[in-house]
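Residue-level listing of the chains:
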Amino acid sequence: MPEIKQLNSSRCFGGYMRKFSHFSSSVNTEMIFSVFFPFLDKPAPVLYFLSGLTCTDENFSTKSGAQRAAAKFGVALIVPDTSPRGAGVEGETESWDFGVGAGFYVNATEPKWSKHYNMYSYVTEELPALLKEHFSNLLITEKSAVFGHSMGGHGALIVSLKNPGKYKSVSAFAPISNPINCPWGQKAFSGYLGADQEKWKQYDASVLAQSYSGPKLDILIDQGLEDKFYIQKQLLPEEFQKTAGSNSNISLNLRFLEGYDHSFYFISTVIDEHIEFHANHLK
């Protein structure tokens, strides 16, 4: 059994917020993740949160206020990091939207990045297996859902669309919905995946939604209309709406919210609704 180390623990809404580290075989570095356990005497279903550009596990854990609703609805929160750290890949810390803090939830194929930047495998395979091995008395890993913000919203959409039936539901806050057609995605995909745009399409939610044929997938997306990245065409939720809306296997509720931006003020406003949405699917 792979070893994990508990780094800290804080009592929170009757449960515990705890941080762990372990060596990851997916990214070949130490990785950190946080867990909110709503109970310590019985297991809870699992809700993964995938964070956005520049974030660690701590941004969501300390700013969203998610633990209150998670405790109320009896859902465990799993918050991984956004990339490997300390891998020593040349150039990985040169920009805020590529490399460290910006793994984009892909498995890199370019040789420079492919040893370490495999966050897709980490999130969908290694971390769930690790949780099952170490916390089977506290987590029902077979009952899982996923949500995320910005780059993490992109991650939540693609992991659910690429793994039919693995996640009971998916939601996102201001997700990067069509990365092959926005500057952030083009920079990340060309770096991690190379020039072949057919590889890019394997990690684009708007493309994946066209061919999704798994169990009915309920998706909730909130997008603030004062979000500067939405205005700058980095997010493109309308493109996802076009393809998801034409697929009978996907039920999409895309909400545009007047006055809200890209920040955690926005996330904390609607976080309770998202957790309740997932809790209803995890029953």
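For the structure, check the block above.
Reference entry: report on the structure contained in this document. (Residues numbered from 1 in each chain as written. Predicted model: local features only at pLDDT ≥ 70, side-chain atom pairs only at ≥ 80, totals over all residues. Heavy atoms only, no water.)

### Observations concerning the overall build of the chain
- When helices and strands are counted, the chain shows 10 helices and 9 strands.
- Taken over C-alpha atoms, the radius of gyration comes to 17 Å for the chain, in line with the 19 Å a tight globule of 283 residues would show.
- Principal axes of the C-alpha set define a box for the chain whose edges measure 50 × 40 × 35 Å.
- A buried classification covers 59% of the 283 residues belonging to the chain.
- At a minimum sequence separation of 6, the contacts of the chain that also span at least 24 residues come to 71%.
- With the model as given, the accessible surface of the chain reaches about 11400 Å², and the carbon-plus-sulfur share is 47%. (Helix = DSSP H or I, 4+ residues; strand = E, 2+ residues; numbered from the N terminus. Rg over C-alpha atoms; globule rule 2.2 N^0.38 Å. Buried < 20%, exposed > 50% of the residue type's maximum accessible area, 1.4 Å probe, protein only. Contact = heavy atoms within 4.5 Å. Areas by Shrake-Rupley, 256 points an atom, 1.4 Å probe, with all protein chains shown as cover.)

### With respect to the sheet that holds strand S3 (residues 29-37)
- The strand order S1-S2-S3-S5-S4-S6-S7-S8-S9 describes an open sheet built from 9 strands, whose pairing is mixed. Each of the sheet's edge strands pairs with one partner strand only, and the pair in question is strand S1 (5-12) and strand S9 (250-257). Averaged over neighbouring strand pairs, the angle between their axes works out to 20 degrees when direction is ignored.
- As paired elements, strand S2 (residues 15-24) and S3 share 9 bridges and run antiparallel to each other. Considered in S3, the bridge of Ser24 is made with Thr29.
- Contacting S2, S3, strand S4 (44-50), strand S5 (76-80) and strand S6 (139-149), helix H3 (residues 119-134) runs over the sheet at an angle of about 60 degrees to S3.
- Each of S4, S6, strand S7 (170-173), strand S8 (217-224) and S9 touches helix H10 (residues 264-281); the most contacted strand, S7, lies at about 175 degrees to it. (Pairing = 2+ DSSP bridges. Axes fitted to C-alpha atoms, helices over the stretch in contact; angles between N-to-C directions.)

### Thoughts on the packing of helix H2 (residues 66-73) against H10
- Between H2 and H10, the shortest axis-to-axis distance is 9 Å and the interhelical angle comes to 30 degrees. Taken together, the axes of H2 and H10 are roughly parallel relative to one another. When the axes of H2 and H10 are compared, the crossing they make is right-handed. On H10, the residues that touch Ala66, Ala69, Ala70 and Phe73 of H2 are Ile271, Asp272, Ile275, Glu276 and Ala279. (Parallel < 35°, antiparallel > 145°, perpendicular 65-115°, else oblique. Left-handed = near helix turned anticlockwise from the far one by under 90°.)

### Here we look at the layout of surface pockets
- Reported here for the largest pocket is a volume of approximately 180 Å³.
- Looking at the largest pocket, it is lined by 14 residues, and the ones nearest its centre are Leu53, Thr54, His149, Phe229 and His262.
- The residue inventory of the lining of the largest pocket, partitioned by class, reads 6 nonpolar, 7 polar and 1 charged. (1 Å grid on protein atoms, 1.4 Å probe; cavity = no way out; pocket = protein on both sides within 12 Å on 5 of 7 lines; lining within 4 Å. Points joined across faces, edges and corners; volume = space filled by probe spheres on them. Nonpolar A, V, L, I, M, F, W, Y, C, P; charged D, E, K, R; others polar.)

### Considering the pattern of salt bridges
- On inspection of all chains with the given rule, the structure shows 9 salt bridges.
- Between Lys242 and Glu239 there is a salt bridge, with its nearest N and O atoms 3.1 Å apart. Taken together, the positions of Lys242 and Glu239, both in helix H9 (residues 237-245) and 3 residues apart, correspond to about one turn of that helix.
- On the accessibility criterion, Lys242 (53% relative accessible area) is exposed. (Salt bridge = Lys/Arg side-chain N within 4 Å of Asp/Glu carboxyl O.)

### Considerations on the packing of aromatic side chains
- Across all of its chains, the model carries 23 aromatic pairs by this definition.
- Each ring, one from Trp96 and one from Trp184, has its centre 5.9 Å from the other, and the planes form 90 degrees; the classification is edge-to-face. With Trp96 in the loop between S5 and H3 and Trp184 in helix H5 (residues 183-193), this residue pair connects regions lying 88 residues apart in the sequence.
- Residue classification places Trp184 among the buried positions, given a relative accessible area of 4%.
- An aromatic cluster of at least three residues, connected via ring pairs, comprises Phe49, Phe60, Phe147, Phe173, Tyr260 and Phe266.
- Sitting over the ring of Phe39, Lys42 keeps its end group 4.6 Å from the ring centre.
- Lys162 extends its terminal NZ or CZ atom over the ring of Tyr203, reaching a point 4.8 Å from the ring centre. (Phe/Tyr/Trp six-rings, centres within 6.5 Å; stacked < 30°, edge-to-face > 60°. Lys NZ or Arg CZ within 6 Å of the ring centre and 35° of its normal.)

### Details of the pairing of S2
- With 8 of 10 residues buried, S2 is to be regarded as a mostly interior element.
- Direction of pairing for S1 relative to S2: antiparallel, over a ladder of 7 bridges. Counted as the bridge partner of Ser9 is Arg18 from S2.
- Linking S1 to S2, which pair antiparallel, is a turn of 2 residues; within it Phe13 sits at a positive phi near 50 degrees.
- Turn length for the S2-S3 hairpin, with the two strands adjacent in sequence and antiparallel, is 4 residues, and the turn residue Asn28 shows positive phi of about 60 degrees.

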